[in-house]
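Close look at the chain arrangement
One letter stands for each residue in the lines below.
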Amino acid sequence: MTIDKSTPLEIDVQTLNQLRTAGDDHLLLDVREASEYEQCRIDGSMLVPMSTLAERLPELEPHRHRTLVVHCHHGGRSARVTQYLRQQGFEHAQNLAGGIDAWSVEIDAEVPRY
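Computed from a prediction, not measured in an experiment: that's the story for all the values here. (Residues numbered from 1 in each chain as written. Predicted model: local features only at pLDDT ≥ 70, side-chain atom pairs only at ≥ 80, totals over all residues. Heavy atoms only, no water.)

1. Topic: the overall build of the protein chain
Threshold: Here a strand is any run of E in DSSP of at least two residues, a helix any run of H or I of at least four, and the numbering for each starts at the N terminus. Put simply, the radius of gyration uses C-alpha atoms, and a globule should come to 2.2 Å times the residue count raised to 0.38. Should any heavy atoms of two residues lie within 4.5 Å, those residues are counted as being in contact.
Along the protein chain, the regular secondary structure elements total five helices and five strands. Helices and strands in the protein chain line up, N terminus first, as β-α-β-α-β-α-β-α-β-α. Computed over the C-alpha atoms, the radius of gyration of the protein chain is 13 Å, within 12% of the 13 Å expected from 2.2 N^0.38 for a compact globule of 114 residues. Along the first, second and third principal axes, the C-alpha atoms of the protein chain reach 40 × 30 × 20 Å. Considering only residue pairs separated by 6 or more positions, the protein chain has 66% of its internal contacts joining residues 24 or more positions apart.

Here it is as structure tokens:
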């Protein structure tokens, strides 16, 4: 399977904010655990914990050709999930560098840090 090299592997929070502000089509995929999601979240994100990803992959199928911005707390788990999704043919999956923590610091201080 070939990976689409035209879609960068990572996206920063500033670029994600621009995507959201412009209304560009994308899915924000939160791969943290439910307890973390309850503490804080980025509005409009879809929770699919990394621990359930393989069994929930069919739920992502309708989004296969969209930009998928994957995030976690700091970017480690989401980097692994992004690689996995690309291996599964989700060519436009991107890791959010710095995760929700960077989002809170740089974009939306209303999102609590933990």
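Having seen it, we continue.
2. Structural notes on the packing of helix α3 (residues 53–60) against helix α4 (residues 76–87)
Rule in force here: Axis definition: a line fit to C-alpha positions, over the contact stretch in the case of helices; interaxial angles, taken between N-to-C directions, run 0 to 180 degrees. For classification purposes, an angle smaller than 35 degrees is called roughly parallel, one larger than 145 roughly antiparallel, one from 65 to 115 roughly perpendicular, and anything else oblique. Left-handed describes a crossing whose near helix is turned anticlockwise from the far helix through less than a right angle; right-handed describes the clockwise counterpart.
Their axes nearest at 12 Å, the elements α3 and α4 cross at an angle of 60°. It follows that α3 is oblique to α4 by the angle criterion. As α3 runs across α4, the sense of the crossing is right-handed. Counting all contacts with α3, which are made through Leu-53, Ala-54, Leu-57 and Leu-60, the residues of α4 involved are Val-81, Tyr-84 and Leu-85.

3. Digging into the sheet that holds strand β3 (residues 46–47)
Two modes of strand pairing occur in sheets, parallel and antiparallel, and in both the strands are linked by backbone hydrogen bonds. Test applied: Pairs of strands are assigned from DSSP output, requiring at least two bridges between the strands.
Pairing within the open sheet is parallel, and its five strands lie in the order β1-β5-β4-β2-β3. With one partner strand each, in any of the chains shown, β1 (10–11) and β3 form the two edges of the open sheet. Bridging between β1 and strand β5 (residues 93–96) involves two bridges; their strand directions are parallel. Counted as the bridge partner of Glu-10 is Asn-95 from β5. The strands touched by helix α1 (residues 13–22) are β1, β2 (26–30), β4 (67–71) and β5; relative to β2, the strand with the most contacts, the crossing angle is about 130°.

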